[in-house]
Structure formats: C-alpha cells, structure tokens
Amino acid sequence: MAVVKSLLLFCFAVCALAYTPDWESIDSRPLPGWYDEAKFGIFIHWGVFSVPSFGDEWYWWALDGSKSPETVAFHDRTYGPNFKYADFAPRFTAEMWDPEDWADTFSRSGAKYIVLTTKHHEGFTLFPSSAAWNWNAVDTGPHQDLVANLSKAVRDKGLIFGAYHSLFEWFHPLYLADKANGFKTRDYVTEVLAPELATLINQYHPEVLWSDGDWEAPPEYWNSTGFLAWLYNDSPVKDTIVTNDRWGAGVPCKHGGYYTCQDRYTPGHLVNHKWEDCATIQTESWGFDRRPSDPFHSSLDLITTLVSTVAFGGNLLLNVGPTWDGLLPQVFKDRLLDIGAWLNVNGDAIYGTKPWEVAQNQTNISAFYTAKATTVYAILFNWPGNSQVQLIAPRATAQTTVTMLGMKGALSFSASGAGLAVT
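Just so it is clear, the model here is predicted, and its values are computed rather than measured.

A.B. asks: I'd love a proper account of the environment of Val208, names of residues and values included.
C.D. replies: Note that Val208 resides in strand E4 (residues 208-212). By relative accessible area, Val208 is classed as buried at 0%. Remark: the alpha-carbon pair of Val208 and Gly409, spanning 201 residues in sequence, is separated by 40 Å. Residues contacting Val208, with those up to four places away along its chain left out, are Trp34, Tyr113, Val115, Phe161, Gly162, Ala163, Ile241, Val242 and Tyr258.

Printed below as a string of structure tokens:
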C-alpha cells in the first residue's frame, strides 16, 4: 500500500506539471477540438481609435509615431493641433451599445466564437486595470466593463468568448525604457503585461487568447513560454483555451497553438498545422474607417473566403469595426447575416469538417472540397450553362449517392475516369 501511495503521489506531481516552459513542450499540447469544429469566428476591433475612425486602429501611431501627413492634417483640421490622443477617451462613450443586440447578430451570422480587442497597441483596456489607471473603459469613456458585458451576452447565446490582447504598447514609458535597454530589463512585463493577462484569464475565462504586438521583442522578454505553461497547466481555462502564434519575434508560424503567421494569412494550399485567416469586412481597416476610400467586401467575396479557408484546413476570423458610441454599422450586419443565411443551408459542409485529399479543382467550374465521415462536400458558387458539373476529384463506387444541401432527393450523375458528371 505504501508503494501504491508513493506512485500515486509521484503521478500527481508529474501530471500537475504537464507542460514545461519551452517550445517543445508547449507545442506538444493538442489543440482543443472545439476550435477546429467551429470554423468561423467574429473579430471585434473597438477602442479609443473608434472615435476619430480615420485611417485605422493605428491612428495614434500615425499621429504621434510615424507622423503621417494625411493623419496629422486631418487631426489638426478636425480637432485642432492642441487636441491630444488621450482627449478622445472621454468621447468613447458606447452610449448606444446593446451587447445583446451584437450577440444576436453574431449568433445569426453562424459564427461560433467571438474575439474582442480587450487592449490594442494604444494600451486602453476595455476592462478595469490597475496598470492602466484612467486609461480603461471603467475609469473613463463608457464607464463600464465592456469585456464583462460582452462576454456574458455572447455566452448567453451559446457562443464562445475570446480575448485579443496586445503585448506591447506604443507609448508606455515602461515599455519604451525596456526597449531602450535592449529588452534586458522587463519592468513593463512585470508591472503591466503580466497583471493584465492574469486578470483577463482569471476573471473573464476567455477560451481564445489572441496575442499580438509581439514583434519588437524576443519571446524571452515577454516570458511567453512561462505564461503559456501556466495557462495550459493551472489556469481556469487550461483544458479549453486556444492560443495563436504571436508570442515574440521569430515565433509566428513556428510555435504556439494555431498559426496566424500574418494578417489576412491565406496559404492557398493544404497546411499540416491548424491555421486561421483573420480578415476584414472593410478592405483595409480593422477599426471602423469613415473614409470612402476604404470600401467593403461583398457578401459573396466573404463567403468564398470562408469556404476556401475551411477547404485548406483553416478557420476564418472575420472582423467588424463598431463605432465609438457602440453601434454596429448596418453594412457589417448585412454582411454577417448574408453569411448566416448561406450557412443555414450549407453549414453541414463547413462545421466539423476536415480537409479532403483534394481541396480545390478547376474543370468547367471551380469546386472546393471538405469532408466529414464518409461524406465529401463539393462547394460551388455557380452552375455551368450546360447544367452539368464535372467534378474530376471524386471517384464513385456502387454505394455513391449525390445530393444537394437544402434540396430533397438525389441528383443524377454519371461516373467515368474523369470523375463525376452531375446534372
């Protein structure tokens, strides 16, 4: 009995430290299955940058960092040269915000998870933070915990809540001091980043942690592997949370949970590692951009992006940019509801599928393929004029049937060495 107890104690000690703070161990963690099954999520870029809504969410950097002539001219003309970026914070009111309405739209879009920018590179947090005194949504602006209110609303709709969080802040004095020291000091990480990440995980329990703003410093500066080991071993979401790959210079597309590699990542071929395309409904900006030069993608374009992403093994995280007062512009709603209407009919070909042995083929029409159990889905966006679709990849057997989602009964087809001809 003493031997048995010793073995049990030893097993408990080893199992409690399943992941060690190194990339080999961190990368060995299986990705929780819900993420691959979900396929489609909504990204929300919302913050102080939503007030000027000019250019994109990098407005402050364009104003005081790179000093973009276009941005500086707009700012001085509209607000005056003495108006500081921090002066926008009280105008970020969210006075028209209805988180339940947002959640309803997201649910009707067919998305399964939501990722909110809880802090972008400007450093303004959408939750109370002692490390961001008077630079968070409770102390100024909306005067409410936006993260808490949205996470509840989306969970009430059965959706998964996730948090985007920028590692760095453009103008934080502690970060700038660490940077000036060649990142040999870590005061910003210790006093700002680590406490904020702990608050996010322990208080709001996100099941996606979307890291960004990592590229200037190595992962050792951010303590990335140490944090991820804690996240996977001991955090309240250790069994369900997924993370991306933006954990330090040289890390993206090499380490982490799923790969994002770069914004709007579209490899165009099957990838052996799970990946995500974070894409925008507006062609350029993530935060809402009022400029007419930043148009919107069509619903067909966005649905095609979703299909091709899933066929090549990825997830689509599609971004919306709300306004400063908390409204989701109608054009975003229209695009999301169009996607939802398409998924209501064709969702079986998306959710819970795996890439098939052939992702896409071109014959008389372009077809993308997904698979689930013994079913192969061929997804088409138009039908040829001769009313016959030639699918060169599938091969028929005696048990093969061909059906169309949303329609009853089987379709006629003929099989040959060239695949299937469906009419």
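A.B. asks: Pulling in residues and values, what's your account of the state of the cysteines?
C.D. replies: Each disulfide consists of a covalent bond between the sulfur atoms of two cysteine residues. Tallying each qualifying case throughout the model produces one disulfide. Note that Cys253 is cross-linked by a disulfide to Cys261, the S-S spacing being 1.8 Å. Between Cys253 and Cys261 the disulfide shows an S-S torsion of about 70°. By sign, it is right-handed. Judged by relative accessible area, which is 32%, Cys253 ranks as partly exposed. Take Cys278: it sits in no disulfide, and the sulfur closest to it among the cysteines is that of Cys261, at 10 Å. The exposure class assigned to Cys278 is buried, which follows from its relative accessible area of 0%.

A.B. asks: Give a description of the sheet that holds strand E7 (residues 314-320) that names residues and reports values.
C.D. replies: The strand order E5-E4-E3-E2-E1-E7-E6 describes an open sheet built from seven strands, whose pairing is parallel. In this open sheet, the two edge strands, each paired with only one partner strand, are strand E5 (242-243) and strand E6 (275-280). In the sheet, E4 pairs with E5 via two bridges, with the strands oriented parallel. Looking across to E5, one finds that Val208 is bridged to Val242. In this fold helix H9 (residues 187-204) packs onto strand E2 (113-119), strand E3 (160-166) and E4, with an angle of close to 175° to the strand it touches most, E3.

A.B. asks: An account of the pattern of salt bridges is requested, with residue identities and associated values reported.
C.D. replies: If you walk through the whole model with that rule in mind, you get 16 salt bridges. For the salt bridge of Lys119 with Glu169, the shortest nitrogen-to-oxygen distance reads 2.8 Å. With Lys119 in strand E2 and Glu169 in the loop between E3 and helix H8 (173-180), this residue pair connects regions lying 50 residues apart in the sequence. Comparing Lys119 with Glu169, the two get one shared label, buried. Ionic pairing is found between Arg246 and Asp263, a salt bridge with its closest N-O pair at 2.9 Å. Residue Arg246 is located in the loop between E5 and E6, and its partner Asp263 is located in the loop between E5 and E6; the two are separated by 17 residues in the primary sequence. Salt bridges linked by common partners bring Asp36, Lys39, Lys274 and Lys354 together as one network.

A.B. asks: Explain the packing of H8 against H9 to me, using residue names and the numbers behind them.
C.D. replies: Where H8 meets H9, the axes come as close as 8 Å, and the angle between the chain directions of the two elements is 150°. Relative to H9, the element H8 is oriented roughly antiparallel. At the point where H8 passes H9, the crossing takes the left-handed sense. Two secondary-structure elements touch here, H8 through Leu174, Tyr175 and Asp178 and H9 through Asp187, Tyr188, Val189, Glu191 and Val192. Across the contact of H8 with H9, the residue classes break down as five nonpolar, no polar and three charged.

A.B. asks: Kindly report on the packing of aromatic side chains, identifying the contributing residues and their values.
C.D. replies: Applying the stated criterion across every chain yields a total of 50 aromatic pairs. With centroids separated by 6.0 Å and ring planes inclined at 5°, the aromatic side chains of Tyr175 and Trp222 adopt a geometry described as stacked. Remark: Trp222 occurs in helix H10 (residues 219-222) and Tyr175 occurs in helix H8; sequence separation between them is 47 residues. When the ring centre of Tyr232 is taken as reference, the NZ or CZ atom of Arg29 above it lies at 4.0 Å.

A.B. asks: Explain the sheet that holds strand E13 (residues 419-422) to me, and be specific about the residues and the numbers.
C.D. replies: Ordered by their spatial adjacency, three strands build an open sheet running E11-E13-E12, and the pairing between neighbours is antiparallel. Taken across any chain shown, the strands that pair with only one partner, and hence form the sheet edges, are strand E11 (389-391) and strand E12 (413-416). When strand polarity is set aside, the average angle formed by the axes of neighbouring strands in this sheet is 20°. Looking at chain direction, E11 and E13 are connected through three bridges and run antiparallel. Residue Val389 lies in a different strand from E13, and its bridge partner there is Val422.

The rules behind these values
- Residues numbered from 1 in each chain as written.
- Predicted model: local features only at pLDDT ≥ 70, side-chain atom pairs only at ≥ 80, totals over all residues.
- Heavy atoms only, no water.
- Helix = DSSP H or I, 4+ residues; strand = E, 2+ residues; numbered from the N terminus.
- Buried < 20%, exposed > 50% of the residue type's maximum accessible area, 1.4 Å probe, protein only.
- Contact = heavy atoms within 4.5 Å.
- Disulfide = S-S within 2.5 Å.
- Pairing = 2+ DSSP bridges.
- Axes fitted to C-alpha atoms, helices over the stretch in contact; angles between N-to-C directions.
- Salt bridge = Lys/Arg side-chain N within 4 Å of Asp/Glu carboxyl O.
- Parallel < 35°, antiparallel > 145°, perpendicular 65-115°, else oblique.
- Left-handed = near helix turned anticlockwise from the far one by under 90°.
- Nonpolar A, V, L, I, M, F, W, Y, C, P; charged D, E, K, R; others polar.
- Phe/Tyr/Trp six-rings, centres within 6.5 Å; stacked < 30°, edge-to-face > 60°.
- Lys NZ or Arg CZ within 6 Å of the ring centre and 35° of its normal.

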